[in-house]
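Close look at the chain arrangement
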Amino acid sequence: MDIERLKNDAKLVLCRKYYYAGFAFLPFLWTINAVWFFREAFHKPEFDEQPQIKQYVVRSGIGAFLWMMIFIGWTCVFQSNRAAWGELGDQLSFVIPRGIP
Amino acid sequence: MAGILNVKKVCWLLFSALFLATDLNGERITEKIYQRIDDGFSCFRRLNGTHQIGCSSSQSGNVGVVHYVGTKMDFDWLLEVGPDAPYVVLLPPDLFRRENLMTLKNSGKVAGIVVLNQTDTTFHNPSPAPPYSNDLTCPNKITGLYRNDAFSSYCDSNPWNPAGDAILFEDFQFPIFFINETKLNQSVLLDDCYLKFNRPIEGTPPSYPLCAIELKAFMWAAVDTPTCLRRGRLNMLLNPQPSEYCDPLGNVNIFVPVLAANKSSGPIRNHSVIFVSARMDSASIFDGLSVGADTAITGMATLIAIADMINKFKFNITGQEIENVFLVLFNGEAFDYIGSSRMAYDMTLGKFPKPLKDEIPSQSPLIGLEHVKYWIELGSLAPHGDNKIYLHTDPKSRNDSRVNSNVMDLINVLIKNKGNLTAEPVSASIPLPPASLQSFLKKDLSIPGLLISNHKGAFTNQFYNNEWDTIQTISSSKLSKHLAEVAHTVSAAIYELANPGDTMPPNIVANVTLLESTLECYLVNANCSLFSWLLNGRNNIATGSILPTYVGVTHGDGAYKALSLRTRHLLAMVSGDPLDINKTACINSDHNEIYHYYWMGEYESNNSSGTCYRSTVKTSHAVSPAFEIEDYDWASGEYSSWTESRWETFSVRIFLKASSLQAVSIFVFGVVVLLLSFAVTYWVETNSALLFPPSPEAVAC
């Protein structure tokens, strides 16, 4: 969908929907929201709904960033400890590696 | 237009000529780069309750520059100079010893080892200087009878297997292969690879290109048995391509109740069954190289000869003294008594030979440990210069005076029937050597039993559980005659125990021909006429090959594995009754839990028509009870916990390796060409109008 064709109020509705839907543990939705509406929020000439869109974009961006930190943190913890955790490590794995502890 | 066509034609011709000139054929590039080497036997990974042992390569295979180590100097050069690490070391069998392996392992310069066995034209090679064993100095100690008591220290000071270097139980992070090459053909690895490209001349490292070898033996399992079993279980749940990571070691025990008994005639009396047992397996580091000539086959062949003799007097076993004789071949004994511990376990649970079921009318009565009257085990029996046999007993059980007097009776009756042999009882205070009997005494110390073997103290077998335990090391003119005498002694003793005061009729003698054919089939050539006879000509084994006695893993029914199948048929033949019925009737007979019917001897090249044998031969699972018990404590050491890792393939191939400078420069050159082609394409694209002026003629077309 090309948001350029939407009216400004429809843009706000869409951006808000994405923002709230992101709370359902959907960080990718926030990421998309932040990227997709970035131009609307910061580069377009001012329009009435822009401050609100800006707010949603910033919050979505922060949310997505936090999630990314959590993901990276967990991946590091998991990868460095999987072997040491033994049974728990195997149970948390989808593809269990062959030939290594 | 015509001009352009001509140019195209000329181009095609030129290209075709170019291809034809450069040997246009369908050979793949991999085949031009690599040369495969077959006839290799690989080391692989096994796991127990707490450790992993054996070898594994990386997933894509280990690559190293080939270096032959024949002398101490070669070793020093490799460790101190050797600039082209990682190396794959070629070792002659005589240097494949613990100290060398550990030096190589700890040097960090080695990516793999190839034991290069250069044979003469007859594929025979003098074995390395004895003694040489890869097992422990006290084999199977941790699961044995004496693991927790004062006798356990006996073996530490008087090891049964002093030559044991425990390499079998070492964990190597690189692959090890055993490769046979005949000296007749020019050796690929030594001549074409090492001497041509890699030999340092007066200590100066060779220059590139160097001959490298890739060894692939990637093992799926890791850590220990509980880990790999758990991973297999989880993997089966989630993975779209489910597969196990390891399998429990296991096969079948093969046993013959000499007399067919039915449960309908009631349970049998306590202390009324004589057991004669031997083991049928051995081990080595390499997959497919475990002949176990003296470790297993001498005892097993003797047991088969005994089965043949007892069959001739089985109807003299009247039931007054003893009700039955069981002849048992245990499997997996090399790995902490798998077969015997399972049989003892089944006996205590009332599941031997089979759990009784009301709906099955033809079943043997249950046999438990309390039914055992005597236990005679046959160990290694190859004669070593004399005709002595030694009778080992267990001091723990002989503390009990009833057991002690029974053991003394057994010893006396054996000595009385010793014939030309010298039978010497080993001191009653010395514990049993590694023996299946230990598994049964562990459950019940009231079993009077002994082990007959060819050693008093340390093993006389210099190659215990080693790939060199072959016919060459035990071969002697006396071998089959000696085993026949042991068979005669044991059979005569059993006759006398069954009929006190009577002696075995002199017309019952050990069948030396049978013993010789058995030894030939198991130790020299499995494509032998005896095996072909047993399997109606469908033996399907390459001439000169020998079936490995390694227990293997529990895929499918172990009773149909090559060695078990043949041994079962052999026992069915020697202990069965030939019936006068035709093939159809034989195959369609009522196969039940007491009798099985075997159609054998229909052998085309022999023009013989075949015979039906009714036999009481049975098999039972030889899989450790550890895999049956829920929530088994893997660290306990109560039962064998050995598993074997799965793997996809073993492969060995050699190729020429360029120096890293050359490799990098070719890569950089490739990248430059790529970038250049981008630039040219871009330039052509932007200037296309210049190069291809719009042609009115083309538009007209």
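Let us look at the structure shown here. (Residues numbered from 1 in each chain as written. Chains lettered and ligands numbered in written order. Predicted model: local features only at pLDDT ≥ 70, side-chain atom pairs only at ≥ 80, totals over all residues. Heavy atoms only, no water.)

1. Regarding the state of the cysteines
In a disulfide, the sulfur atoms of two cysteines are covalently bonded to one another. All names here are of chain B. Here is the rule: Two cysteine sulfur atoms make up a disulfide if the distance between them is within 2.5 Å. A run of H or I in DSSP counts as a helix once it spans at least four residues, and a run of E counts as a strand once it spans at least two, with each numbered from the N terminus. In this scheme, a residue with accessible area under 20% of its type's maximum is buried, one over 50% is exposed, and one in between is partly exposed, where area comes from a 1.4 Å probe on protein chains only.
Overall, the coordinates contain six disulfides over all chains when judged by the stated rule. Between the sulfur atoms of Cys 193 and its disulfide partner Cys 211 the distance amounts to 1.9 Å. Judged by the torsion about the S-S bond (-105 degrees), the Cys 193/Cys 211 disulfide is left-handed. Highlighted residues: Cys 193 in helix H6 (residues 188–198) and Cys 211 in strand E9 (residues 210–216), separated in sequence by 18 residues. For Cys 193, a relative accessible area of 0% puts it in the buried group. Two residues share a disulfide in this structure: Cys 228 and Cys 246, whose sulfurs sit 1.8 Å from each other. Handedness here is read from the sign of the S-S torsion; for Cys 228 and Cys 246, about 75 degrees, the answer is right-handed. Note that Cys 228 is positioned in helix H7 (residues 225–238) and Cys 246 in strand E10 (residues 246–248), a separation of 18 residues in sequence. Accessibility classification places Cys 228 together with Cys 246 in one group, the buried group.

2. Looking at the nonpolar core
Residues and elements named next belong to chain B. Note the cut-off: What makes a nonpolar core is a set of buried Ala, Val, Leu, Ile, Met, Phe, Trp, Tyr and Cys residues whose side-chain atoms join them at distances within 4.5 Å. Whether two residues are in contact is decided by their heavy atoms: any pair within 4.5 Å suffices.
By size, the foremost hydrophobic cluster in this structure holds 86 residues, and its most contacted members are Val 276, Val 325, Leu 327, Ile 452 and Val 490. Setting aside anything within four residues of it in sequence, one finds Ile 452 in contact with Ile 376, Glu 377, Leu 378, Gly 379, Leu 381, Ile 389, Tyr 390, Leu 391, Leu 414 and Val 490. If you look at the next biggest cluster of nonpolar residues, it comprises 61 residues, including Ile 37, Met 102, Val 114 and Tyr 194.

3. Thoughts on the side chain of Ser282(B)
Residues and elements named next belong to chain B. This is how it is decided: What qualifies as a polar contact is a pair of N or O atoms within 3.5 Å, subject to a donor-acceptor requirement within protein and to the restriction that residues adjacent in sequence count only when both atoms come from side chains.
Note on placement: Ser 282 falls in the loop between strand E12 (273–279) and helix H8 (293–313). Classification of Ser 282 by relative accessible area gives buried; the value is 1%. A distance of 3.4 Å separates a polar side-chain atom of Ser 282 from the backbone nitrogen of Gly 292. A polar atom in the side chain of Ser 282 sits 2.7 Å from the side chain of Thr 549. The contact partners of Ser 282, leaving out residues within four places of it in the chain, are Ser 290, Val 291, Gly 292, Thr 295, Ala 334, Asn 465, Thr 549, Tyr 550 and Val 551.

4. Some remarks on the sheet that holds strand E19 (residues 596–603) of chain B
Residues and elements named next belong to chain B. How we decide: Strand pairing is assigned whenever DSSP detects at least two bridges linking the two strands. A fitted line through C-alpha atoms serves as each axis, taken over the contacting stretch for helices, and the angle formed by two N-to-C directions is quoted from 0 to 180°.
In spatial order, the strands read E18-E20-E19; together these three strands make up an open sheet with antiparallel pairing. Two strands lie at the open edges of the sheet, namely strand E18 (577–579) and E19, each paired on one side alone. Across this sheet, the average inter-strand angle for adjacent strands is 35 degrees, counted without regard to direction. Strand direction decides the pairing type here: E19 and strand E20 (residues 608–615), joined by seven bridges, are antiparallel. Bridged to Glu 602 within E20 is Ser 609. Its contacts with the sheet put helix H16 (residues 562–575) on E18, E19 and E20, and the angle it makes with E19 is roughly 95 degrees.

5. Re the interface of chain B and chain A
One frequent convention defines the size of an interface as the accessible area lost when the parts assemble. We apply this condition: Each of two parts loses accessible area, computed with a 1.4 Å probe, when they are put together; buried area is these two losses added. Every case where a carboxyl oxygen of Asp or Glu lies within 4 Å of a side-chain nitrogen of Lys or Arg is listed as a salt bridge.
Taken together, the contact pairs 15 residues of chain B with 13 residues of chain A. In this assembly, chain B packs against chain A so that about 1200 Å² is buried in total across both faces, 55% of it on carbon and sulfur atoms. When the buried surface of chain B facing chain A is broken down by residue, Arg230(B), Arg231(B) and Leu238(B) rank first, second and third, together holding 39% of it. Between the two partners, chain B and chain A, sit two salt bridges. Of the charged contacts, one joins Asp90(A) and Arg230(B) as a salt bridge, the two residues approaching to 2.7 Å between their closest N and O atoms.

6. Observations regarding helix H10 (residues 401–416) of chain B
Residues that lie three or four places apart on an α-helix share one face, since the helix turns once every 3.6 residues. Residue and element names in this part refer to chain B. Formally: Multiply 1.5 Å by the residue count of a helix minus one, and that product is the helix's expected span. It is the directions from the helix axis to the C-beta atoms whose arc is reported.
Here H10 contains 16 residues, and its C-alpha end-to-end distance of 22 Å stays within 8% of the 22 Å for a straight helix at 1.5 Å per residue. Considered for burial, the residues of H10 that qualify are Val 403, Asn 406, Val 407, Leu 410, Ile 411, Val 413 and Leu 414. Considered in projection along H10, the buried side chains sweep an arc of 165 degrees and stay on one side of the axis. With respect to the buried face of H10, the exposed residues turned more than 90 degrees away are Ser 401 and Lys 416. Buried residues along H10 sit against strand E14 (372–378), strand E15 (388–392), strand E16 (422–425), strand E17 (449–453) and helix H13 (479–498). Regarding H10, its N-cap is Asp 400, as a side-chain oxygen of that residue lies 2.9 Å from the backbone nitrogen of Arg 402 further along.

7. Thoughts on unusual backbone geometry
Residues and elements named next belong to chain B. Cis peptide bonds are those with omega within 30 degrees of zero, and the linkage from Tyr 208 to Pro 209 qualifies with 0 degrees. The topology assignment puts Pro 209 in the loop between H6 and E9. A cis amide bond links Phe 352 to the next residue, Pro 353, at an omega of -5 degrees. Here Pro 353 shows up in the loop between helix H9 (338–348) and E14. You will see that His 271, though not glycine, has its phi angle at about 50 degrees, which is positive.

8. Regarding the environment of Asp2(A)
Looking at the secondary structure, you find Asp2(A) in the segment before helix H1 (8–21). According to the relative accessible area criterion, Asp2(A) is partly exposed, its value standing at 41%.

9. Here we look at empty space enclosed by the protein
Residue and element names in this part refer to chain B. Note the cut-off: In this analysis, the protein atoms alone were mapped onto a 1 Å grid. Cavities are point sets where a 1.4 Å probe fits without being able to get out; pockets are open sets with protein on both sides within 12 Å along at least five of seven lines; lining residues have an atom within 4 Å of a point. Grid points are joined across faces, edges and corners, and a volume is the space filled by probe spheres set on the points.
For the structure on display, the rule yields three cavities of 30 Å³ or more. Quantified by volume, the largest cavity comes out at close to 190 Å³. Elements with a minimum of two residues in the lining of the largest cavity: E14 and E17. Taken as a whole, the second largest cavity encloses approximately 150 Å³ of empty space. Considering the residues around the second largest cavity, the lining is formed by 19 residues, among which Lys 141, Tyr 146, Cys 155, Trp 160 and Gln 438 are closest to the centre.

The analysis is restricted to geometry; functional conclusions fall outside its scope.
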